[in-house]
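Chain and residue survey
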Amino acid sequence: MNRKLQAEFVIVGAGLAGAAVAEQLTKAGHRDLLVIEQESEAGWHGSGQNAGMLRQHASNPFTAALARRGLHLHRSLRDRLPAAPPLLATGSVLVGGQGPELAAGYRAGHTERLPAARFEELTGMQLPAQSRALYCPDDGLREAKALCHHLLEHSAATLQMEARVEGLHHQGGRVRGLVLEDGRSIEAERVILCGGAWSRDLLDLPLQPFKRHLFVLSQRQKRTSMPWVWDLDGEVYFRGHEEGLLVSACDDIPESPRRGEQPACGPEGLARLHRALHERWPQLAAPRLVRSWAGLRVLSPDDAFILGPDPRFTGLAWCTGLGGHGLTCALSAAALALRPWLGDQVDVGNDPQGPDLNTLQQAHSLERLPFTKEIWDA
Ligand SMILES: Cc1cc2nc3c(=O)[nH]c(=O)nc-3n(C[C@H](O)[C@H](O)[C@H](O)COP(=O)(O)OP(=O)(O)OC[C@H]3O[C@@H](n4cnc5c(N)ncnc54)[C@H](O)[C@@H]3O)c2cc1C
């Protein structure tokens with residue numbers, strides 16, 4: 001185990017957020033970085049439990065802007081980290097008809113209407129009655145946990161695994177470091193908290209983790225490179241998977257995280273899936289269940305992330321609350337979180353038509369929200 005317990009930048013959490021912060025700092029030329037992770041493997045929690053979809057649609061317009069920028073950064077990784085897990089350019093299809101989201105293009109970048117016959121050709125599935133399909137060729141798939149490992153391995157960061165941060169060390173309103181559960185101290189100039197579902201336990205923060213189930217269904221014909229499909233009206237999504245089809249019914253069950261444990265799959269997740277598939281995708285209702293798991297998505301009340309300095313302590317910043325967008329957005333979110341400290345040294349990606357960076361920063365700042373998790377109890 002590495003014993004270095006002092007660094008200019010200390011990052012708490014080795015999920016996608018922490019890995020992306022380490023990658024951005026490395027890219028900006030910083031070398032004195034330390035990542036602290038309570039588990040024995042990086043990306044073991046939310047970042048290892050997701051659906052792996054790079055997706056530009058989001059209900060919050062500022063999240064959508066960070067997703068477009070994130071996708072740009074995902075593509076540019078190919079030049080800097082050519083051995084990173086590949087981005088599979090499958091495209092995506094949004095399905096809907098009743099709500100206004102589809103007509104608005106759900107704010108995804110470039111989209112085009114997809115005729116029902118073409119939808120069937122691409123996915124092997126029939127469009128639900130009265131539904132329309134919108135194709136977004138720029139979306140795709142990427143293996144999130146492998147990406148998290150790759151970013152960390154190719155960053156300048158030293159990793160301290162199986163070490164849990166218990167508190168902040170501060171003096172005169174300035175962060176001086178962190179305290180570990182075994183009593184050791186870490187000295188730091190700056191601390192970036194990327195604790196995912198634990199973030200609100202480190203310092204009071206208006207975040208809530210929600211459990212979501214994922215299921216793999218067997219399929220006779222595997223279509224691993226088909227566009228992934230998100231049915232906005234049915235609240236269900238599916239994508240090709242090496243073992244069949246990966247499906248979720250978009251459930252959100254409030255749950256607290258547990259160290260060393262992943263959220264258990266409950267019967268309510270499967271029941272909801274069956275209902276959604278019966279109503280909208282009957283050809284998927286019969287296939288055999290191959291396996292299932294669940295993960296925690298961490299949300300703020302307005303669905304935007306919490307990025308950037310914490311006004312309570314100089315030298316402290318957050319990159320957290322990435323909800324269901326952390327794979328797509330971690331790279332751009334990390335850059336936005338560091339921008340108040342590092343300015344143009346960070347690369348926030350490209351989004352020519354979207355909001356400017358100051359607006360994006362404001363929309364994701366901690367100051368927009370009350371500093372308390374009690375907001376979720378109201
Ligand atoms: C079912 C599901 C499907 C999803 N699908 C997608 C998708 O298709 N596309 C997409 O873009 N996003 C998706 N997401 C969202 C994405 O997975 C998350 O936004 C992302 O993984 C969050 O990364 P994170 O680093 O913030 O959190 P995590 O990956 O949970 O990492 C936080 C880390 O901090 C560590 N930690 C916490 N507290 C401490 C402490 N005190 N001391 C030391 N270490 C600590 C934890 O152990 C953990 O490793 C999905 C999420 C779920 C649950």
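This write-up is about the structure you can find in this document. None of these values were measured; they are calculated from a predicted model.

1. Quick look at the nonpolar core
Ranked by internal contacts, the top residues of the largest apolar core, which has 50 residues, are Val21, Leu25, Ile192, Leu307 and Cys319. Looking at this core, the elements that each hand over two or more residues are strand E1 (6-12), helix H1 (16-27), strand E2 (33-36), helix H2 (61-80), helix H4 (144-153), strand E19 (316-320) and helix H7 (326-342). Per-element accounting of this core gives the leading share, 12 residues, to H7. Apart from residues no more than four positions distant in its own chain, Ile192 is found in contact with Phe9, Val10, Ile11, Val12, Val21, Leu25, Ala317, Trp318, Cys319, Leu338 and Trp341. Ranked by size, the runner-up nonpolar core spans 28 residues in total, among them Ile36, Val165, Ala197 and Leu369.

2. Here's the deal with the packing of H1 against H4
As a packed pair, H1 and H4 sit with axes 8 Å apart at the nearest point and diverge in direction by 35°. H4 is crossed by H1, and the crossing has left-handed handedness. Contacts from Leu16, Ala19, Ala20, Ala22 and Glu23 of H1 reach H4 at Ala144, Leu147, Cys148, Leu151 and Leu152. Split into classes, the residues belonging to the contact of H1 with H4 amount to 9 nonpolar, no polar and 1 charged.

3. Quick look at H1
Along its 12 residues, H1 runs 16 Å from first to last C-alpha, staying within 8% of the 16 Å computed at 1.5 Å per residue. The buried fraction of H1 amounts to 11 of the 12 residues, a majority that puts the element mostly inside the structure. Within H1 the residues assigned to the buried category are Leu16, Ala17, Gly18, Ala19, Ala20, Val21, Ala22, Glu23, Gln24, Leu25 and Thr26. Looking at the residues trailing H1, positive phi occurs at Gly29, about 95°.

4. Some words on the pairing of E19
For a regular strand, side-chain orientation follows a simple rule: the groups alternate between the two sheet faces. E19 sits mainly inside the fold: 5 of its 5 residues count as buried. Side chains Leu316, Trp318 and Thr320 project from E19 onto one buried face, and the interleaved Ala317 and Cys319 project onto a second face that is buried too. One ladder, built from 3 bridges, connects strand E11 (residues 185-193) with E19; its direction is parallel. Across the sheet, the residue bridging to Ile192 is Ala317, located in E19. In this sheet, E19 lies alongside strand E18 (residues 306-309) in antiparallel orientation, the contact comprising 4 bridges. For Ile306, the partnering residue across the bridge sits in E19 and is Thr320. Remark: 6 residues form the turn of the hairpin made by E18 and E19, two consecutive strands paired antiparallel; Gly315 in that turn has positive phi of roughly 90°.

Calculation rules
- Residues numbered from 1 in each chain as written.
- Predicted model: local features only at pLDDT ≥ 70, side-chain atom pairs only at ≥ 80, totals over all residues.
- Heavy atoms only, no water.
- Core = buried A, V, L, I, M, F, W, Y, C linked by side-chain atoms within 4.5 Å.
- Buried < 20%, exposed > 50% of the residue type's maximum accessible area, 1.4 Å probe, protein only.
- Helix = DSSP H or I, 4+ residues; strand = E, 2+ residues; numbered from the N terminus.
- Contact = heavy atoms within 4.5 Å.
- Axes fitted to C-alpha atoms, helices over the stretch in contact; angles between N-to-C directions.
- Left-handed = near helix turned anticlockwise from the far one by under 90°.
- Nonpolar A, V, L, I, M, F, W, Y, C, P; charged D, E, K, R; others polar.
- Expected span 1.5 Å × (residues − 1).
- Pairing = 2+ DSSP bridges.

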